[in-house]
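So you can see what is in the structure, the chains are spelled out below.
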Amino acid sequence: MEEEKRRRTIVCKRCKQTYTASSNTKTSCRFHPSFFVCRRHDDQKRYYELGPDDPPYAAKFYDCCGAEDVQAPGCTTSFHISYDDNE
Ligand SMILES: [Zn+2]
Ligand SMILES: [Zn+2]
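Residues numbered from 1 in each chain as written. Chains lettered and ligands numbered in written order. Predicted model: local features only at pLDDT ≥ 70, side-chain atom pairs only at ≥ 80, totals over all residues.

**Digging into the overall build of the protein**
Helix and strand content of the protein: one helix and six strands. Counting helices and strands in the order they occur from the N terminus, the protein gives α-β-β-β-β-β-β. A burial count over the protein gives 5% of its 87 residues as buried. Considering only contacts in the protein between residues 6 or more positions apart, those separated by 24 or more positions represent 53%. (Helix = DSSP H or I, 4+ residues; strand = E, 2+ residues; numbered from the N terminus. Buried ≥ 20, exposed ≤ 12 C-beta atoms within 10 Å, placed from the backbone. Contact = placed C-beta atoms within 7 Å.)

Written out as structure tokens, the structure reads:
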């Protein structure tokens, strides 16, 4: 039964990728520990190219690392977490 459990495909609660318990390592899950926000960068130094429909103050980026693409790969890696895990 243990073997079956190890091979079971699990969906990660954080990144929504599927994984198996046996392939889950501390670098398996890439994610952003903070939210994608819409405001000025804290340091005010970064350049953000506004789209034609953006208000002049708009800047959208991850609060953790400043990545401006919502699809940007995570800046932090850790183990995947399953929906069965307690936080
Ligand atoms: Zn990040
Ligand atoms: Zn994950």
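Having seen the model, we can carry on.
**Remarks on the environment of Ser-28**
Tracing the chain through its elements places Ser-28 in the loop between strand 2 (18-20) and strand 3 (29-31). Each C-alpha atom, one on Ser-28 and one on Phe-79, is 5.7 Å from the other, the two residues being 51 residues apart in sequence. Every residue in contact with Ser-28, bar those within four places of it in the chain, is listed here: Tyr-19, Ser-23, Phe-79 and His-80.

**Some thoughts on the environment of Gly-66**
Structurally, Gly-66 can be placed in the loop between strand 5 (60-62) and strand 6 (76-78). On the basis of neighbour count, Gly-66 is assigned to the partly exposed category, with 15 C-beta atoms found within 10 Å. Counting along the chain gives 30 residues from Gly-66 to Phe-36, while the straight-line C-alpha distance between them is 9.0 Å.

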